[in-house]
Amino acid sequence: MKVLIVGAGLSGLSTAIGIADKIKDATITIVERRPDFEARGATFGLAPNGQKALHEIAPDVLTTLKAEGILMSASGGYMLPWYRVRDALLSKVQRISDRIELRMGVSIEGVVQKEDKMLVASFEDSSLTFEADMIIGADGVHSYVRTDILRLPPAVSTGAHVWRGSLNINGIDGLKHFEEYGIAKNNQFGDKMIMMYFNFHAKTPGLFAWVFSVQDPSEELGIKSGVTTPLDMIQSYMESQSSPDEKLLKQFVDAKLVLENIHSLSDLMWSTQMAVVDLTAEAGWGGKGRITLVGDAAHSIRPASGLGGSLAFEDATLLSRILSEDDEVGADIASRLRDFEGKRLPRCKSISRDQTLRSTLSYKLGYNEIPPWDQRYKEWVFDGLAAAPTPPISEEAVFANVLASEQSALAQ
């Protein structure tokens, strides 16, 4: 079986590992449009469901991540710098390079199907072509495979812009107190801006990651990608406050020091406009024939609880399971891909809705005012692939009181 995976992020790498693990005669090629692997991104939450999925396809990777990560006792998850998760998966891929080929700086352009059902992929600025039994789009939220090959609707903008980066506070006057923070600290600037800090000090002394997000669906703040910086946004907000209290002033001093001492100046300029795949649309998951999607290309969600990566690991594990099943019923590749998509859709749809509600309400009410998961819903999420397709309680039920209060306020 010849497999082409488009995208060498977490979903692409883990899917390649899963297929190589379960299908011994599979040969896998990953193409990635970026020319190299940068130490970018901020923080990654490896939830219990993601751990269970990784344990099945890459127990050695899971062992590495647990050793390097910081245990979050409330959830049983681990927090790590994003690039360390990527590097652990990449290292695994490189160790089995006889099974998995990785091509960097290559962008897919088109796909045609031959009479024998083999797919032929062509690439931009290259005479390279590649034949495959199947193609898996793992090329992220703005997936080319999704929009230009499968002709599916693009992910829908949430109106949120996000900047991410890291810094080491050792030797920075005024930030020593950050060592006393817990795993995560959330600071709010009005009802549109949130600055979060993630503390890796327990494993890497002095290392912090930061994430700054702005909710601006009406584009009234005039954010320009590559121009507007988090410091611009925060300073503008502070100037609009006639009498900021002591807490707000302290938050501003901290944010200013962090943003003036980041590792890479490009982190101030490089922002992502968050987008969500509408899984309620008629297209559903959206795969066709011998082409399917995994990770953010299939189900990008809001990052309220940090579940996107763990869902991608679930995709990788379930897809490799289904592709490796004994062919007792004569199921062809396309049928197996539709089986995979049908099993994933209801679960991802529910979690996506939950994360959208949490993210939207966190700007309005404050992160700490959002109700926790119902215990039944929490167990369903963390059970991972062993869980039923749909939750025992709907995600809207968790927010019933909050949503009712919001509706009442709007009516007044």
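Look up: the structure comes first, before these words.
The present account deals with the structure reproduced in this document.

Conventions used here
Residues numbered from 1 in each chain as written. Predicted model: local features only at pLDDT ≥ 70, side-chain atom pairs only at ≥ 80, totals over all residues. Heavy atoms only, no water. Helix = DSSP H or I, 4+ residues; strand = E, 2+ residues; numbered from the N terminus. Rg over C-alpha atoms; globule rule 2.2 N^0.38 Å. Buried < 20%, exposed > 50% of the residue type's maximum accessible area, 1.4 Å probe, protein only. Contact = heavy atoms within 4.5 Å. Areas by Shrake-Rupley, 256 points an atom, 1.4 Å probe, with all protein chains shown as cover. Lys, Arg positive; Asp, Glu negative; His and termini not counted. Charge placed at Lys NZ, Arg CZ, Asp CG, Glu CD. Expected span 1.5 Å × (residues − 1). Bend = angle between axes of the 7 residues up to and from the residue. Pairing = 2+ DSSP bridges. Axes fitted to C-alpha atoms, helices over the stretch in contact; angles between N-to-C directions. Core = buried A, V, L, I, M, F, W, Y, C linked by side-chain atoms within 4.5 Å.

## Focus: the overall build of the chain
Then step 1. Looking only at helices and strands, one finds 14 helices and 16 strands in the chain.
Then step 2. Taken against the 2.2 N^0.38 rule, which gives 22 Å for 412 residues, the C-alpha radius of gyration of the chain at 22 Å falls within 12% of a compact globule.
Then step 3. Along the three orthogonal principal directions, the C-alpha set of the chain runs to about 70 × 50 × 40 Å.
Then step 4. Relative to its 412 residues, the chain shows a buried fraction of 52%.
Then step 5. For the chain, restricting intrachain contacts to residue pairs at least 6 apart in sequence, the fraction spanning at least 24 positions comes to 71%.
Then step 6. Here the chain has roughly 18400 Å² of accessible surface; of this, 50% comes from carbon and sulfur atoms.
Then step 7. One way to put it: in the chain the 42 positive side-chain charges average out to a point 3 Å from where the 54 negative ones average out.

## Notes on helix α11 (residues 333-365)
Then step 1. For α11, with 33 residues, the first-to-last C-alpha span of 47 Å sits near the 48 Å given by 1.5 Å per residue.
Then step 2. Roughly 35° is the biggest bend found in α11, and it falls at Leu345, with proline Pro346 one to four residues downstream.
Then step 3. Within two residues after α11, Gly366 carries a phi angle of roughly 100°, on the positive side.

## Describing the sheet that holds strand β4 (residues 70-72)
Then step 1. Pairing is antiparallel across the open sheet formed by three strands, whose spatial order is β3-β5-β4. Of all the strands in the sheet, the pair left with one neighbour each is β3 (43-46) and β4. With direction set aside, neighbouring strand axes in the sheet form an average angle of 30°.
Then step 2. Here β3 pairs with strand β5 (residues 77-81) via four bridges, running antiparallel. Note on β5: the bridge partner recorded for Phe44 is Leu80.
Then step 3. Helix α2 (residues 48-57) contacts β3 and β5 of the sheet and is inclined by roughly 75° relative to β3.

## Focus: the nonpolar core
Then step 1. Leu4, Ile28, Leu46, Leu54, Leu89 and Phe313 are the most contacted members of the largest nonpolar core, which has 72 residues in total.
Then step 2. Per element, the largest residue contribution to this core is seven residues, and it comes from helix α4 (residues 82-95).
Then step 3. Those residues in contact with Leu4 that lie beyond four places of it in its chain are Thr29, Val31, Ile108, Ala121, Phe123, Phe130, Ala132, Met134, Ile135 and Ile136.
Then step 4. Phe178, Tyr181, Phe189 and Leu259 belong to the second-largest nonpolar core, a separate cluster that totals 28 residues.

## Quick notes on the pairing of strand β15 (residues 271-276)
Then step 1. With five of its six residues buried, β15 lies for the most part within the structure.
Then step 2. Bridge analysis of strand β11 (residues 156-168) against β15 gives five bridges, and the strand direction is antiparallel. Each bridged residue has a counterpart across the sheet, and for Val156 the counterpart in β15 is Val276.

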